[in-house]
Amino acid sequence: MSRTANGRFAIKSWDEKPYSEGHDLPKLTRASVSKTFTGDLEGEGAVEYLMMYRSDGTAAFVGLERIVGRIGGKSGSFVLQRTGTFEGGEAKESYTVVPCSGTGELAGLRGNGSSAVGHGMEHPFTLTYDLD
């Protein structure tokens, strides 16, 4: 039976640096981001994003995030694979728990979610999940 975890995440740090750019080329950047999760999911997250910025300011991104904490009364860690776009001042992304990434009491965790958030340091978070 699927469950839903609702909460919020706050961005603690965002360190972004270009790694490839040039005249008439989309800019490629890497961002190391740390987060704190509260609500039904409590814990800390660390994500590495790779981003491609277009000349109009829109972007596409992918990322892997390890979250260490508690969900559904169980503790451990798991990894989310994130994919999204940024346009019109809003980041839209979908995320999936990477199979077999759960540890501790979260071994066997499966799940996914999506979000659409604007600029800021705190955002809503929802994960629909199953836990064996």
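Position numbers for residues start from 1 in each chain and track the written sequence from start to end. Reporting in this predicted model follows two pLDDT cut-offs: at least 70 for local features of residues, and 80 or more for side-chain atom pairs to be given and counted; totals over whole chains, interfaces and linings ignore these cut-offs and use all residues. Note: side-chain values were computed over all heavy atoms of the structure, leaving out hydrogens and water.

Enquirer: Explain the pattern of salt bridges to me, using residue names and the numbers behind them.
Expert: Definition used for salt bridges: Asp or Glu carboxyl oxygen within 4 Å of a side-chain nitrogen of Lys or Arg. Using the criterion set out here, one finds 7 salt bridges in the structure. Among the ionic pairs, Asp-15 bridges to Lys-17, the shortest N-O distance being 2.9 Å. For every residue, the accessible area obtained with a 1.4 Å probe (protein chains only) is divided by the maximum for its type, and the residue is called buried under 20%, exposed over 50%, and partly exposed between those limits. Residue classification places Lys-17 among the partly exposed residues on the basis of a relative accessible area of 48%. It is possible to trace a salt-bridge network through shared partners that takes in Lys-35, Glu-65, Arg-82 and Glu-93.

Enquirer: So what's going on with the pairing of strand β5 (residues 74-87)? Residues and values would help.
Expert: For two strands to count as paired, DSSP must find a minimum of two bridges between them. Only runs of H or I of at least four residues qualify as helices and only runs of E of at least two qualify as strands under DSSP, and these elements are numbered from the N terminus. Where strand β4 (residues 59-71) lies against β5, 13 bridges are found, and the strand directions are antiparallel. In the strand pairing of β5, Ala-59 is matched with Phe-86. Hairpin connection, β4 to β5: the antiparallel pair is bridged by 2 residues, and Gly-72 has positive phi, about 60 degrees. When β5 meets strand β7 (residues 103-104), the two strands line up antiparallel, connected through 2 bridges. Directly across from Gly-76, in β7, lies its bridge partner Gly-104. Strand direction decides the pairing type here: β5 and strand β6 (residues 90-97), joined by 8 bridges, are antiparallel. Bridge assignment links Thr-85 to a residue of β6, and that residue is Lys-92.

Enquirer: Please provide a residue-by-residue account of the environment of Pro-18, values included.
Expert: The residue Pro-18 is located in strand β1 (residues 3-20) in this model. As for Pro-18 and Phe-78, which are separated by 60 residues in sequence, their C-alpha atoms are 28 Å apart. With sequence-adjacent residues up to four places away left out, Pro-18 is seen in contact with Lys-27, Leu-28 and Thr-29. By definition in these notes, contact holds between two residues if any of their heavy atoms fall within 4.5 Å.

Enquirer: Please set out the side chain of Thr-58 residue by residue, giving values where relevant.
Expert: Here Thr-58 is to be found in the loop between β3 (41-53) and β4. For this analysis, a polar contact is any N or O atom pair within 3.5 Å, provided that within protein one partner can donate a hydrogen and the other can accept it, and provided that sequence-adjacent residues contribute only side-chain to side-chain pairs. Within polar-contact distance, the side chain of Thr-58 engages the side chain of Asp-56 at 2.7 Å. Apart from the residues lying within four places of it in its own chain, the contact partners of Thr-58 are Met-52, Tyr-53, Phe-86 and Glu-87.

Treat this as a map of the structure, not an account of what it does.
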